[in-house]
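# Examination of the molecular architecture
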Amino acid sequence: MDKSEMIERVNKALSAEFEIEPSKLNPDAKFKEDLGFDSLDAVDLVIVLEEEFNIKIGKDPVIMQIKTLADLYAFIEGKALTQTL
Amino acid sequence: MKYLRTALYAFILINATLALYPFGIFIYGWCRLIKKYKEDEAYRKIIGIYGLIWVFITRFFADFTTDFSRTPKNTGAAIIVANHQSFFDMYCFGAFFTHNLVALVKGWVFKVLVYGFVMRKAGYINIDNPDINYENTLRELTSRNTSLIIFPEGSRSSTKKIGRFHSGAFILSIKTNTPIIPVRIDGTFDFLPRDRKSIGKASIKMTSFQPVYPADFIKYGDSAHLKMKSYVKNLIENS
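Residues numbered from 1 in each chain as written. Chains lettered and ligands numbered in written order. Predicted model: local features only at pLDDT ≥ 70, side-chain atom pairs only at ≥ 80, totals over all residues. Heavy atoms only, no water.

## Things to note about the overall build of chain B
Secondary structure assignment for chain B yields eight helices and seven strands. Relative to a compact globule of 239 residues, whose C-alpha radius of gyration would be 18 Å, chain B shows 18 Å and is just as compact. For chain B, the spread of C-alpha atoms along the principal axes amounts to about 55 × 45 × 35 Å. By residue count, 51% of the 239 residues in chain B fall in the buried class. Across chain B, the fraction of contacts at a sequence separation of at least 24, relative to all contacts at a separation of at least 6, is 73%. Accessible surface computed for chain B: about 11800 Å², of which carbon and sulfur atoms make up 59%. Side-chain charges of chain B comprise 32 positive and 17 negative groups, with the mean position of each set lying 4 Å from the other. (Helix = DSSP H or I, 4+ residues; strand = E, 2+ residues; numbered from the N terminus. Rg over C-alpha atoms; globule rule 2.2 N^0.38 Å. Buried < 20%, exposed > 50% of the residue type's maximum accessible area, 1.4 Å probe, protein only. Contact = heavy atoms within 4.5 Å. Areas by Shrake-Rupley, 256 points an atom, 1.4 Å probe, with all protein chains shown as cover. Lys, Arg positive; Asp, Glu negative; His and termini not counted. Charge placed at Lys NZ, Arg CZ, Asp CG, Glu CD.)

What follows is the structure, encoded as structure tokens:
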């Protein structure tokens, strides 16, 4: 899976589960300020991504440092290197 | 004309509220001494009767209909999940088939004179209080046959469209094995949306649906609450 496909899948999953307009899903978008995420949404985000990519994120400390969509793309890309997507 | 109508509505509502003070004391005494209700139950009764009075008055200014036929009355305590369009959505529950209800409410509402006092006494939950243990609170409420109202959009919709549902209600439902009763409220946006000061012509309808049980979603594991949320939202949105 290349990066653009991964980004598309992340955005599609976010749009579907969190009802975010696709136009708001740009790499600089901040989860809290721009996308209106709260702490429960962060937990849901992990579950949604685990299901979408069939990966294990669990309580990975890196997920707590994610602030923007670009951070998330990089995180998923990193997971792809260690786990089979 | 619309301001005259609003002024008349406000006048009647304020006077009815004032009249409820002595009547409220009577209801409180009756609940405590005759019915042997606990203090919070007595206050919930007062809120319920106030809601009924609101419904009665509002029927002179807007169509107000209900359909609770799809919810078995013996469902017992539940989490009531409703869409949120107006300040008056909470008042609509005066028409609901039970008044043994508590709601999750934003902190500012507790600062409103009299309302805040009564809601606190009735056991309403301040969502801005970080010390609340929601699971324990809900278990205690349901053990006393009290249902919890949650507006999962978090705040009033700024359009007629039902907004994004947050997960809290559904996580609670799964963790405490409490059924959800979905409720759809239509028309209160036309009556009084969040950014308007005057009431409009409206056809208010409150509909409750068949209970949704967490046991039907447990099979989805960690995403059980997400599947439940999606199901309930779809039920409310597309009914």
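After presenting the structure, the write-up continues.
## A few points about the sheet that holds strand 1 (residues 63–67) of chain B
Where strands meet in a sheet, backbone hydrogen bonds hold them as pairs that are either parallel or antiparallel. All names here are of chain B. Here seven strands make up an open sheet; going across it, the order is 1-7-6-2-5-3-4 and the pairing mixed. Only two strands of the sheet have a single neighbouring strand rather than two, namely strand 1 and strand 4 (125–126). Here strand 3 (residues 101–105) pairs with strand 5 (residues 147–150) via three bridges, running parallel. When the sheet's bridge partners are listed, A103 is paired in strand 5 with I149. Together, strand 2 (79–82), strand 5 and strand 6 (180–186) form the strand contacts of helix 6 (residues 168–176), whose direction differs from that of strand 2 by roughly 160°. (Pairing = 2+ DSSP bridges. Axes fitted to C-alpha atoms, helices over the stretch in contact; angles between N-to-C directions.)

## Focus on the environment of D44 of chain A
For D44 of chain A, the position within the fold is in helix 2 (residues 39–53). Between the C-alpha atom of D44 of chain A and that of F31 of chain A, which follows or precedes it by 13 residues, the distance is 13 Å. Apart from residues lying up to four places away in sequence, D44 of chain A is in contact with F18 of chain A together with S167, H225, L226 and K229 of chain B.

## With respect to unusual backbone geometry
Residue and element names in this part refer to chain B. Positioned with a positive phi, K36 is a non-glycine residue whose angle comes to about 60°. By the secondary structure assignment, K36 is in the loop between helix 1 (2–34) and helix 2 (39–58). Assessed through its relative accessible area of 63%, K36 is described here as exposed. Positive phi, close to 60°, is recorded for N145, a residue that is not glycine.

## A short note on the layout of surface pockets
Rolled over the atoms, a probe as big as a water molecule pinpoints where empty space is left. Residue and element names in this part refer to chain A. As a volume, the second largest pocket reaches approximately 650 Å³. Lining the second largest pocket are 23 residues; nearest its centre among them are S39, A42, I63, M64 and I66. Residue contributions to the lining of the second largest pocket peak at seven residues, all from helix 2. Its residues placed into classes, the lining of the second largest pocket shows eleven nonpolar, two polar and ten charged. (1 Å grid on protein atoms, 1.4 Å probe; cavity = no way out; pocket = protein on both sides within 12 Å on 5 of 7 lines; lining within 4 Å. Points joined across faces, edges and corners; volume = space filled by probe spheres on them. Nonpolar A, V, L, I, M, F, W, Y, C, P; charged D, E, K, R; others polar.)

## A look at helix 1 (residues 3–18) of chain A
Residue and element names in this part refer to chain A. End to end, helix 1 covers 22 Å across 16 residues, agreeing with the expected 22 Å (1.5 Å per residue, within 8%). For helix 1, every residue scored as buried is listed here: M6, V10, N11, A13, L14, E17 and F18. End-on, the buried residues of helix 1 take up no more than an arc of 160°, which puts them together on one face. Facing away from the buried side of helix 1 by over 90 degrees, the exposed positions are E8, K12 and A16. Count one or two residues on from helix 1 and you reach E19, which has phi positive near 50°. (Expected span 1.5 Å × (residues − 1). Arc of directions from axis to C-beta.)

Honestly, that's just the spatial picture; any functional story needs more than this.
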